[in-house]
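# Fold and geometry: a report
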Amino acid sequence: MTTTKRSIKAQDANPMIEVRRSPVHGNGVFALRPIPAGERIIEYKGERISWDKATERAAKAGGPINHTFYFTLADGRVIDGGRRGNDARWINHACSPNCEAFEDEGKVYIHAMHDIDAGEELNYNYALIYDERHTPALKKLFACRCGTPGCTGTMLAPKRRSRKTSAAA
């Protein structure tokens, strides 16, 4: 009998993907078979909590909010993939991703944006929203390691620029 480093419940097994060490960062999720564009790959699961609770948990863990498995929902709540989560929490960020996340009735699903080859690492653009000024130190804290041709160097979403209106003369 072969043993693995972590046990997977039979109902959680996904024949499309597996988690293993990533050349990008820590663990990653890799395709076990070709995945066609548009295919739903996995639901991002975890405990649903308030943003205040998520912030409190990050502070108690002694780490910055960027080192969590949080996924923000449209209603303001958060899915904490670190609690009752699944393999989706190991999908890494990329600036030029092959997957995207969709929220549907309070659930988040990861879909292939284009055809993905067997053995290819899955990724999506985290586009993290951070209201504070994007200083060099902050960008370093949220550094991207994807190495894709379009890499911006950060997992942060670009700040929205306010449009200046000019008065007609």
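Throughout this description, residue numbers start from 1 for each chain and increase along the sequence as written. pLDDT decides what is reported in this predicted model: residues at 70 or higher carry local features, side-chain atom pairs at 80 or more are listed and counted, and totals for whole chains, interfaces and linings draw on all residues regardless. Side-chain metrics rest on all non-hydrogen atoms present in the structure, leaving aside hydrogens and water.

## Considering the confidence of the model for the protein
Going by this rule: Confidence scores here are pLDDT values: one per residue, from the predictor, ranging 0 to 100. Residue contacts are defined here by distance: any two heavy atoms, one from each residue, within 4.5 Å place the two residues in contact.
Mean pLDDT for the protein: 83, with 83% of residues reaching 70 or above. Considering only residues more than four positions removed or in separate chains, one finds that residues 1-11, a stretch of pLDDT under 50, has 3 contacts. Scored below 50 in pLDDT, residues 165-169 shows 0 contacts in the model against residues more than four places distant or in partner chains.

## Considering the sheet that holds strand 6 (residues 78-80)
The line we're drawing: Paired strands, in this sense, are two strands between which DSSP finds at least two bridges. Numbered from the N terminus, helices here are DSSP runs of H or I no shorter than four residues, and strands are runs of E no shorter than two. Working convention: axes come from line fits to C-alpha atoms, limited for helices to the stretch in contact. Angles between N-to-C directions cover 0 to 180 degrees.
Spatial strand order, 4-6-5: 3 strands in an open sheet with antiparallel pairing. Strands with a single pairing partner mark the edges of an open sheet, and in this sheet they are strand 4 (47-49) and strand 5 (70-72). Averaged over all pairs of adjacent strands, the angle between their axes in this sheet comes to 30°, without regard to strand direction. Relative to strand 6, strand 4 runs antiparallel, the two sharing 3 bridges. What sits directly across from Arg 48, in strand 6, is Ile 79. Helix 1 (residues 51-60) rests against strand 4, strand 5 and strand 6 of the sheet, and its axis sits at about 110° to strand 4.

## Section: the packing of aromatic side chains
Note the threshold: Geometry of aromatic contacts follows a simple scheme: Phe, Tyr and Trp rings, the Trp one being its six-membered ring, pair when their centres are within 6.5 Å, and the pair is stacked under 30 degrees between planes, edge-to-face over 60, tilted otherwise. Remark: exposure states derive from per-residue accessible area (1.4 Å probe, protein chains only) relative to the maximum for the residue type, with buried under 20%, exposed over 50%, and partly exposed in between.
Under the defined criterion, the tally for this structure stands at 5 aromatic pairs. Ring geometry for Trp 51 versus Tyr 70: centroids 6.5 Å apart, planes at 75°, classification edge-to-face. Placement of the pair is Trp 51 in helix 1 and Tyr 70 in strand 5, with a sequence separation of 19 residues. Given a relative accessible area of 37%, Trp 51 falls into the partly exposed group. By relative accessible area, Tyr 70 is classed as buried at 17%. Judged by centre distance (5.0 Å) and plane angle (75°), the rings of Phe 69 and Trp 90 are edge-to-face. Of the two residues, Phe 69 is situated in the loop between helix 1 and strand 5 and Trp 90 in the loop between strand 6 and strand 7 (92-93); the sequence distance between them amounts to 21 residues. Classification of Phe 69 as partly exposed rests on a relative accessible area of 28%. On the basis of relative accessibility, which here comes to 21%, the residue Trp 90 falls in the partly exposed class. One aromatic cluster in this structure is built from Tyr 44, Phe 71, Tyr 124 and Tyr 126.

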